[in-house]
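# Descriptive analysis of the structure
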Amino acid sequence: MKIDVLTIFPEMFNPVTTDSMLGRAVRNGILDIRLTNIRDYTSDKHNKTDDYTFGGGGGMVMMPDPIFTALRHIGAEGKKVLYMSPRGKILDEQKVRELAGLDEFVILCGHYEGVDQRVLDYWNAEEVSIGDYVLTGGELPAMVLIDSVARFVPGVLGNKDSVTDESVYSGLLEYPHYTQPREYEGLQVPDVLLSGNHKKIDLWRFRESLIITKERRPDLFRKFIGDRGNLSKDEKKILDELLNQE
Ligand code: ADE
């Protein structure tokens, strides 16, 4: 997968694109993350990328020309262009999976009051937010997006960390995990996890996922019970027990 990132702070991406899982995927050629410094496409001697907002009100806006020139230089015509912005639709798993299905896309990172609207209109940019809060720029949101999308790209995660486990009960929050030692500060690992009975373990995890989701994300829980069609008999029983406790 090829991801082009346009930013005025390309160096911010270095730790993310060189370390850990993503770094390995980049080295293995599974991910091709290309950073383009918008400032390299300015045409004045001060390398200016922003100017005052028309209509007053203060704040600076990123000018269209350096961004247009950079986008043309990387060959963004016809490609999906994302613009990280608190005004966008909030990134969720559905969008992440949709993006993971693309061979390539472009991410534009803004600063100050954002970019000139003509950039977004001309390049048909899709605005994406990572949450209802405002950050100082689009770089951290872009890294969040890249990381979440990369996890679905085959070969990025090792077997041990595969996403398949998480998608078994997709739509629910994860059950609790435990590792060695079996007892720590008087706190025990639940017996069922040491039982070796995988069916029992799966059902225990399913129940824990349901309990956590019901408590923390009633919206997800309601959605889950709405489409409970492909649950096994045992899973249905657990869900019914939980619903009857209400
Ligand atoms: N830029 C600034 N804040 C943002 C947010 N919450 N999501 C995406 N891009 C942003």
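Residues numbered from 1 in each chain as written. Predicted model: local features only at pLDDT ≥ 70, side-chain atom pairs only at ≥ 80, totals over all residues. Heavy atoms only, no water.

### Points about a nonpolar patch on the surface
Together, Phe9, Met12, Tyr133, Leu135 and Leu140 make up a nonpolar patch on the protein surface, roughly 430 Å² of accessible area in all. As for its placement among the helices and strands, Leu140 is situated in helix H6 (residues 139–150). Of the residues examined, Leu140 reaches a relative accessible area of 48% and is grouped as partly exposed. (Patch = residues over 30% accessible without salt bridge, like charges linked within 9 Å, V, L, I, M, F, W, Y side chains within 5 Å. Areas by Shrake-Rupley, 256 points an atom, 1.4 Å probe, with all protein chains shown as cover. Salt bridge = Lys/Arg side-chain N within 4 Å of Asp/Glu carboxyl O. Helix = DSSP H or I, 4+ residues; strand = E, 2+ residues; numbered from the N terminus. Buried < 20%, exposed > 50% of the residue type's maximum accessible area, 1.4 Å probe, protein only.)

### Some remarks on the sheet that holds strand E6 (residues 104–109)
Reading across from one edge, E2-E1-E6-E5-E7 is the order of the five strands in this open sheet, with parallel pairing throughout. Only two strands of the sheet have a single partner each, and these edge strands are strand E2 (32–37) and strand E7 (126–129). Across this sheet, the average inter-strand angle for adjacent strands is 35°, counted without regard to direction. Sheet topology note: the strand E1 (residues 2–7)/E2 ladder contains six bridges and is parallel. Across the sheet, the residue bridging to Leu6 is Thr36, located in E2. Sitting on the sheet, H6 touches E1, E2, strand E5 (81–90), E6 and E7, and the angle it makes with E6 is about 160°. (Pairing = 2+ DSSP bridges. Axes fitted to C-alpha atoms, helices over the stretch in contact; angles between N-to-C directions. Contact = heavy atoms within 4.5 Å.)

### Let's talk about the layout of surface pockets
Estimated volume of the second largest pocket: approximately 430 Å³. Secondary-structure elements contributing two or more residues to the lining of the second largest pocket are E5, helix H5 (117–122) and E7. Here the lining of the second largest pocket takes five residues from E5, the largest share from any one element. For the lining of the second largest pocket, the residue count by class is 12 nonpolar, 10 polar and three charged. (1 Å grid on protein atoms, 1.4 Å probe; cavity = no way out; pocket = protein on both sides within 12 Å on 5 of 7 lines; lining within 4 Å. Points joined across faces, edges and corners; volume = space filled by probe spheres on them. Nonpolar A, V, L, I, M, F, W, Y, C, P; charged D, E, K, R; others polar.)

### Comments concerning the packing of aromatic side chains
Applying the stated criterion across every chain yields a total of four aromatic pairs. Taking 4.9 Å as the distance between ring centres and 45° as the angle between the ring planes, the aromatic pair formed by Phe68 and Tyr122 counts as tilted. Here Phe68, found in helix H3 (residues 64–74), pairs with Tyr122, found in helix H5; they are 54 residues apart in sequence, far enough to count as distant. Residue classification places Tyr122 among the exposed residues on the basis of a relative accessible area of 51%. Relative to Trp123, the ring of Tyr122 has its centre 5.3 Å away and its plane inclined at 65°; by these criteria the two rings are edge-to-face. What makes Trp123 buried here is its relative accessible area of 6%. Here a set of aromatic residues connected by ring pairs shows up, and it is made of Phe68, Tyr122 and Trp123. (Phe/Tyr/Trp six-rings, centres within 6.5 Å; stacked < 30°, edge-to-face > 60°.)

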